[in-house]
Amino acid sequence: MKNSEIIEEFKKSWEFSRSMTTEFLKELPEDKWDYSPHKKYSAICKQLRHMVWVSGLYNEALETGEMRDCETKKEHYSGDLSKTEILKGFKDQEQKLSKILEKLKSTDLDTHKVKAFGLEMGFVEFTHVMIQHESTHQGLWSFYATFGGFETPKSWQQNWGI
């Protein structure tokens, strides 16, 4: 498979996963923005901000080949906890990812490695980590919705039954 095909397949999967996140954000009732089912877990708004931070960290790792310590994630978003700012943060990170992926189309993905989590991963393996992280949070938010007494987005209900 050509680099461009591998990258385009990832892009489609990523865009679907990220659209589920942004749809959740857009449809989240205002009175649930600060909701958490337990003091051990961050409020939804803080988890969404975390997703922007981590997107920046993942983008940087794809570009440089090395993921810095997770404590540096906060360098990738300085906006506040409002829906508008977080949506803007997602958009900014998506634009950065698009540029990185375009550059990667002209590299040899067979030799492109990313050092992260004490491992050295290829492009496909690392991008699976990105999607897995996004999906894990979506599962959490489904749990939050159940315990918080609010609906998940209609597409979540139609596509996944959650």
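This text goes with the structure placed above it.
Residues numbered from 1 in each chain as written. Predicted model: local features only at pLDDT ≥ 70, side-chain atom pairs only at ≥ 80, totals over all residues. Heavy atoms only, no water.

A.B. asks: What is the right way to read the overall build of the protein from this model?
C.D. replies: The number of helices and strands found in the protein is five helices and two strands. Counted from the first residue to the last, the protein has its helices and strands arranged as α-α-α-β-β-α-α. Compactness check: the protein gives a C-alpha radius of gyration of 16 Å against a globular reference of 15 Å for 162 residues, within 12% of the reference. Oriented by its inertia axes, the alpha-carbon framework of the protein measures out at about 50 × 35 × 25 Å. Within the protein, the fraction of its 162 residues that count as buried is 46%. Residue pairs in contact within the protein that sit at least 24 positions apart in sequence constitute 68% of those at least 6 positions apart. Accessible surface, the protein: about 9000 Å² in total, of which carbon and sulfur atoms supply 51%. (Helix = DSSP H or I, 4+ residues; strand = E, 2+ residues; numbered from the N terminus. Rg over C-alpha atoms; globule rule 2.2 N^0.38 Å. Buried < 20%, exposed > 50% of the residue type's maximum accessible area, 1.4 Å probe, protein only. Contact = heavy atoms within 4.5 Å. Areas by Shrake-Rupley, 256 points an atom, 1.4 Å probe, with all protein chains shown as cover.)

A.B. asks: Looking at this model, I keep getting lost on the environment of K11. Mind explaining?
C.D. replies: By the secondary structure assignment, K11 is in helix α1 (residues 3-27). Sequence-wise, K11 and E23 are 12 residues apart; in three dimensions their C-alpha atoms are separated by 18 Å. For K11, the residues in contact, after removing those within four places along its chain, are S98, L101 and E102.

A.B. asks: What should I look at first to understand the environment of G65 in this one?
C.D. replies: Inspection of the secondary structure puts G65 in the loop between α2 (44-64) and α3 (83-104). Measuring from C-alpha to C-alpha, the distance between G65 and K113 comes to 5.8 Å, with 48 residues separating the pair along the chain. Apart from the residues lying within four places of it in its own chain, the contact partners of G65 are E60, K113, V114 and K115.

A.B. asks: Which parts of the structure should I look at to understand the packing of aromatic side chains?
C.D. replies: Describing an aromatic ring pair means giving the distance of the ring centres and the angle of the ring planes. Scanning the model with the defined rule gives 11 aromatic pairs in all. With centroids separated by 5.2 Å and ring planes inclined at 25°, the aromatic side chains of F24 and W156 adopt a geometry described as stacked. One end of the pair, F24, is in helix α1; the other, W156, is in helix α5 (residues 154-160), with 132 residues separating them in the sequence. Neither F24 nor W156 differs from the other in exposure class; each is buried. Members of the aromatic cluster, joined through ring pairs, are F24, Y35, W141, F143, Y144, F147, F150 and W156. (Phe/Tyr/Trp six-rings, centres within 6.5 Å; stacked < 30°, edge-to-face > 60°.)

A.B. asks: What is the right way to look at the pattern of salt bridges in this model?
C.D. replies: As a working rule, side chains carrying opposite charge can pair if their charged atoms are close by. Per the stated rule, a full pass over the model turns up nine salt bridges. Between K88 and D92 there is a salt bridge, with the nearest N and O atoms lying 3.2 Å from each other. Remark: D92 and K88 occur in helix α3; sequence separation between them is four residues, near one turn of the helix. When salt bridges with common partners are traced through the structure, they connect E8, E102 and K105 into a single cluster. (Salt bridge = Lys/Arg side-chain N within 4 Å of Asp/Glu carboxyl O.)

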